[in-house]
Amino acid sequence: MTLTTKDRLIRAAAELLEEGGREALSTRAVSAAAGVQAPTLYRTFGDKDGLLDAVATYGFKNYLEGKHALGQTGDPVSDLRRGWDLHVEFGLRRPAFYMLMYGEPRVREARQEADAILRRIIERIAEAGRLRAPVGQAAQLVHATGMGVVLSFLASPPEQRDPDLFIAAREHVIAAITTDTADQASDIPSRAIALKAALEKEPGTVLTPAERAMLAEWLDRLAR
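Novice: I keep staring at empty space enclosed by the protein and nothing clicks. Help me out?
Specialist: Gaps between atoms show up when a probe of the same size as a water molecule is rolled over them. Considering all chains together, one arrives at one cavity of 30 Å³ or more under this definition. Quantified by volume, the largest cavity comes out at close to 180 Å³. Residue lining of the largest cavity: 14 residues in total, with Tyr 63, Lys 67, His 87, Leu 118 and His 143 positioned closest to the centre. Those elements that place two or more of their residues in the lining of the largest cavity are helix 4 (48–70), helix 5 (76–93), helix 7 (109–127) and helix 8 (135–155). Residues of the lining of the largest cavity, tallied by class, amount to eight nonpolar, four polar and two charged.

Below, the structure is given as structure tokens:
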């Protein structure tokens, strides 16, 4: 298959990124590696930031392929563990990409899709009656902890890297947001979280929009 000029530029930039880090992504180096003139790069991406966004999106595409390949099982907590492990493995295997994807403040559509996958897993845990915290809060905690641990690991000298840290952090977060079984989720907050997740999954109820909004507010209060 013949690659477009844009694809050639992105792949050239991706190879340079993995070989030499972000410092290797000069517009001159990327243009030369793709076999085009520098003005072509600017016409394609606007500026270097546009190129970086395209390369990050390329990285997220590869990351999301792995996420989708995981599929889902009947145990959403197990699925959360598998998703965490894939996230960590990707960060360690492709550190330059990870730093570009998660170390930059810019919001990207591909990152939003990754966040949505995580949120759906958390929602399934809530629907199973095993979530201790509100869905949004739990998803943010998992995301922030996982990202922080990987970035911290990548910033540490190799001799100071403890691989058990990832498992310890994973289990700490899971223990903080979930119960062992649905039977243990008998307290009011867990029931409120489960009910809200069920209502959001099945929007076609007899409640009016105003009633749904009020009920959601009450459930959020009970969940806290």
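And the narrative resumes.
Novice: Which parts of the structure should I look at to understand the packing of helix 1 (residues 5–20) against helix 3 (residues 38–45)?
Specialist: When two helices pack together, you describe them by how their axes are tilted relative to each other and by the distance separating the axes. In contact at an axis separation of 10 Å, helix 1 and helix 3 are set at 105° when each is read in the N-to-C sense. Of the possible angle classes, the one that applies to helix 1 and helix 3 is roughly perpendicular. Side by side, helix 1 and helix 3 meet where Thr 5, Lys 6, Leu 9 and Ile 10 of the first sit next to Thr 40, Leu 41, Thr 44 and Phe 45 of the second. Looking at the contact of helix 1 with helix 3 residue by residue, the classes come out as four nonpolar, three polar and one charged.

Novice: I'm lost on the nonpolar core in this one. Help?
Specialist: Core analysis: the biggest nonpolar cluster contains 57 residues, and Tyr 63, Leu 80 and Ile 122 have the highest contact counts within it. For this core, the element with the most residues is helix 8, which contributes nine residues. Ignoring any residue separated from it by four or fewer positions in sequence, one finds Tyr 63 in contact with Leu 86, His 87, Phe 90, Met 101, Tyr 102 and Ala 114.

Novice: Sorry if this is basic, but what is going on with the packing of aromatic side chains here?
Specialist: Where two aromatic rings form a pair, the distance of their centres and the angle of their planes describe that pair. Summed over all chains, the structure comprises seven aromatic pairs. Measuring from ring centre to ring centre gives 6.5 Å for Tyr 63 and Tyr 102, while their planes differ by 85°; the resulting arrangement is edge-to-face. One end of the pair, Tyr 63, is in helix 4; the other, Tyr 102, is in helix 6 (residues 95–102), with 39 residues separating them in the sequence. We classify Tyr 102 as buried; its relative accessible area is 6%.

Novice: I keep staring at helix 5 and nothing clicks. Help me out?
Specialist: Note: α-helices contain 3.6 residues per turn, so residues at a spacing of three or four share the same orientation. With 18 residues, helix 5 should reach 26 Å at 1.5 Å per residue; the first-to-last C-alpha distance of 25 Å fits that figure. Within the sequence span of helix 5, burial applies to Pro 76, Val 77, Asp 79, Leu 80, Gly 83, Trp 84, Leu 86, His 87, Val 88, Phe 90 and Gly 91. Those residues of helix 5 that are buried are in contact with helix 4, helix 6, helix 7, helix 8 and helix 9 (164–177). Regarding helix 5, its N-cap is Asp 75, as a side-chain oxygen of that residue lies 3.0 Å from the backbone nitrogen of Val 77 further along.

Novice: It is not clear to me how the pattern of salt bridges should be interpreted in this structure. Could you clarify?
Specialist: When their charged atoms lie close together, side chains carrying opposite charge are able to pair. Within the structure shown, the criterion is met by 11 salt bridges. Asp 79 is the salt-bridge partner of Arg 124, the closest N and O atoms lying 2.9 Å from each other. Of this pair, Arg 124 sits in helix 7 while Asp 79 sits in helix 5, placing them 45 residues apart in sequence. In this pair, the class of Arg 124 matches that of Asp 79, namely buried. Among the salt bridges present, the one from Glu 123 reaches Arg 119, with a minimum N-O distance of 3.3 Å. Taken together, the positions of Glu 123 and Arg 119, both in helix 7 and four residues apart, correspond to about one turn of that helix. Residue class for Arg 119 comes out partly exposed when judged on its relative accessible area of 33%. Residues joined in a network through salt bridges with shared partners are Arg 81, Asp 85, Arg 170 and Glu 171.

Cut-offs and rules
- Residues numbered from 1 in each chain as written.
- Predicted model: local features only at pLDDT ≥ 70, side-chain atom pairs only at ≥ 80, totals over all residues.
- Heavy atoms only, no water.
- 1 Å grid on protein atoms, 1.4 Å probe; cavity = no way out; pocket = protein on both sides within 12 Å on 5 of 7 lines; lining within 4 Å.
- Points joined across faces, edges and corners; volume = space filled by probe spheres on them.
- Helix = DSSP H or I, 4+ residues; strand = E, 2+ residues; numbered from the N terminus.
- Nonpolar A, V, L, I, M, F, W, Y, C, P; charged D, E, K, R; others polar.
- Axes fitted to C-alpha atoms, helices over the stretch in contact; angles between N-to-C directions.
- Parallel < 35°, antiparallel > 145°, perpendicular 65-115°, else oblique.
- Contact = heavy atoms within 4.5 Å.
- Core = buried A, V, L, I, M, F, W, Y, C linked by side-chain atoms within 4.5 Å.
- Buried < 20%, exposed > 50% of the residue type's maximum accessible area, 1.4 Å probe, protein only.
- Phe/Tyr/Trp six-rings, centres within 6.5 Å; stacked < 30°, edge-to-face > 60°.
- Expected span 1.5 Å × (residues − 1).
- Polar contact = N/O pair within 3.5 Å; in protein donor to acceptor, adjacent residues only side chain to side chain.
- Salt bridge = Lys/Arg side-chain N within 4 Å of Asp/Glu carboxyl O.

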